[in-house]
2 protein chains.
Amino acid sequence: MSGKISIRLYIGDSLPGTGLATLGPDQSHYLGNVMRASTGMRVALFNGRDGEWAAEVASVQKKAVTLTVAEKLKEQGTEPDLWLVFAPIKKARLDFIAQKATELGVSHLAPVYTRRTIVDRVKTERLDANAIEAAEQCERLTVPTIAEPQKLDKLLAAWPADRRIMFCDEDLSGLPAHAALAAVADKKAAGPWAILIGPEGGFDDDERKMIRSHPNTTVVALGPRVLRADTAAMAAISLWQSALGDW
Amino acid sequence: MSGKISIRLYIGDSLPGTGLATLGPDQSHYLGNVMRASTGMRVALFNGRDGEWAAEVASVQKKAVTLTVAEKLKEQGTEPDLWLVFAPIKKARLDFIAQKATELGVSHLAPVYTRRTIVDRVKTERLDANAIEAAEQCERLTVPTIAEPQKLDKLLAAWPADRRIMFCDEDLSGLPAHAALAAVADKKAAGPWAILIGPEGGFDDDERKMIRSHPNTTVVALGPRVLRADTAAMAAISLWQSALGDW
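Keep in mind that this is a model prediction, so the values were computed, not measured.

Enquirer: Help me out: how do you make sense of the overall build of chain A in this one?
Expert: In terms of regular secondary structure, chain A is built from eight helices and 13 strands. Structurally, chain A occupies a C-alpha span of about 60 × 40 × 30 Å along its principal axes. Looking at chain A residue by residue over its 247 residues, the buried ones come to 39%.

Structure follows, in structure tokens:
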């Protein structure tokens, strides 16, 4: 190791173990033109499965930078299995949710259409790009997966039997989040979870009933102030990580 | 009460109890031109001290909207005494910190210059404007106060004897935040606190020593991923509110 490596790249399926890796056009452009990489520069690579690897720039061409993969820097660990199910909101805040949720350690992002959802088209590639960039910067070894948007009733109808739902209800009838999570039985707590956040304006009454009556739901409250959807998501993830995750 | 009031205005010193209130030019413009208020429209007013009041638009002139203050809607409650001390970062993220910290219930925002602080001028009026807007939207009855930026050593040298410091150290040597806060003795926990967040790139080693050696400091960790400064601030506030605040 010669000093700290400041550039980390997620290269999906193209991490070959050891040997030569060739970056695609976008990452080649980024590394060659934006970061002005030259032969011998060291970067870190990860693919979400095989840990983090040091690599050295072997050649720089306009649309194809090749790297020699060297030693493993970090083993792939296990990470919490936490979904964030959220009603899509305006573009800038959607970027923000994808970035912050990635930093805070969410494993899967699932946009959900609700009755009061205003945005009705979600670019999942854009969510993915934001999640990758955040994962590269926050030293994660995985990138959250992104689900195709679904309607709430369909999502709940096909809900996995073993996945708990942390429902942040605005009516404040839930226990404080940390206490509510701590109160869930241990064996359930150790399993997979999802945080469910409504749109600006909240779920409507029928939706709230449907969610609250789901057997997997734990209703929680996030304090006396009205939080925007993105703020509520960040707060809920932080509290979940603290109570049941890897913080 | 005739329906839910959707517009809330912070009017600082000009809430007269009952009687007529005249808005300044900016708020008059907002209410008259942006929101197209007409006589009889109901809004809510707060000043940070006297609770929330219903008011009815009495007259709309271009630069002066007057309101008749009617009944009190909410009593002024007490709120947690929590400072957020943060190294200023780029403009958009600074706006973001002021907005989110307000939503999450911080009482005072204190920008601090550190050795690795890149931004060296902070527009406190801009922080204030962001805090006011967030307070209006999140149904707070107060607006966080904003300190003039200070250097870290000066800030710590004049630190209030009774105010605890939650120091989010990146080296992960601290206890998990929620456990660390819960472990602080009750009488201290009930008192005033500050969350201290470093710049992107972190505090340098001397600064970290200075902070850690302060008698009021509780060192906490925020999980294994590297959080950006603004993300760390949001997570820390959420955990503090959950452990010691009003959530």
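There is more to say, and it comes next.
Enquirer: Explain the domain arrangement of chain A here, please?
Expert: Residues and elements named next belong to chain A. As far as domains go, chain A holds domain 1 (8-74) and domain 2 (82-244). One C-alpha centre belongs to domain 1, the other to domain 2; they are set 33 Å apart. With eight residues of domain 1 at the interface, the matching set in domain 2 holds seven residues. Looking at the side of domain 1 that touches domain 2, the element that brings in the most residues is strand β1 (residues 8-10), giving three residues. Residues belonging to the side of domain 1 that touches domain 2 are distributed by class as follows: three nonpolar, two polar and three charged.

Enquirer: What's the story with the nonpolar core in this structure? I'm lost.
Expert: Core analysis: the biggest nonpolar cluster contains 100 residues, and Met 166, Ile 195, Ala 233 and Ala 236 of chain A together with Ile 195, Ala 233 and Ala 236 of chain B have the highest contact counts within it. If sequence neighbours within four positions are ignored, Ile 195 of chain A has contacts with Leu 82, Leu 84, Val 85, Met 166, Ala 233, Ala 236, Ile 237 and Trp 240 of chain A.

Enquirer: It is not clear to me how the relation of the copies chain A and chain B should be interpreted in this structure. Could you clarify?
Expert: Note on the chain copies: they are related by a rotation about an axis and a translation along it. When chain A is brought onto chain B, the operation consists of a screw motion whose angular component is 180° and whose axial shift is 0.0 Å, with 0.0 Å RMSD remaining. On this basis, the relationship between the two copies can be described by a two-fold rotation axis. A shared binding surface is used by both copies, with 100% of the interface residues of chain A retained as interface residues in chain B.

Enquirer: Got a minute to help me understand the sheet that holds strand β4 (residues 52-61) of chain A in this structure?
Expert: Each strand in a sheet pairs with another by means of backbone hydrogen bonds, the pair being arranged parallel or else antiparallel. All names here are of chain A. The sheet built from five strands is open, its strands ordered β1-β3-β4-β5-β2 with mixed pairing. A strand with exactly one partner marks an edge of an open sheet, and here the two such strands are β1 and β2 (19-22). Taken pair by pair, the neighbouring strands of this sheet meet at an average axis angle of 40°, ignoring direction. Relative to strand β5 (residues 64-74), β2 runs antiparallel, the two sharing four bridges. Bridge assignment links Leu 20 to a residue of β5, and that residue is Thr 68. Strand contacts of helix α1 (residues 25-34): β1, β4 and β5, with the helix running at about 85° to β5, the strand carrying the most contacts.

Criteria and thresholds
Residues numbered from 1 in each chain as written. Chains lettered and ligands numbered in written order. Predicted model: local features only at pLDDT ≥ 70, side-chain atom pairs only at ≥ 80, totals over all residues. Helix = DSSP H or I, 4+ residues; strand = E, 2+ residues; numbered from the N terminus. Buried ≥ 20, exposed ≤ 12 C-beta atoms within 10 Å, placed from the backbone. Domains from an automatic or database assignment. Contact = placed C-beta atoms within 7 Å. Nonpolar A, V, L, I, M, F, W, Y, C, P; charged D, E, K, R; others polar. Core = buried A, V, L, I, M, F, W, Y, C linked by C-beta atoms within 7 Å. Least-squares fit on C-alpha atoms with pLDDT ≥ 70 in both. Pairing = 2+ DSSP bridges. Axes fitted to C-alpha atoms, helices over the stretch in contact; angles between N-to-C directions.

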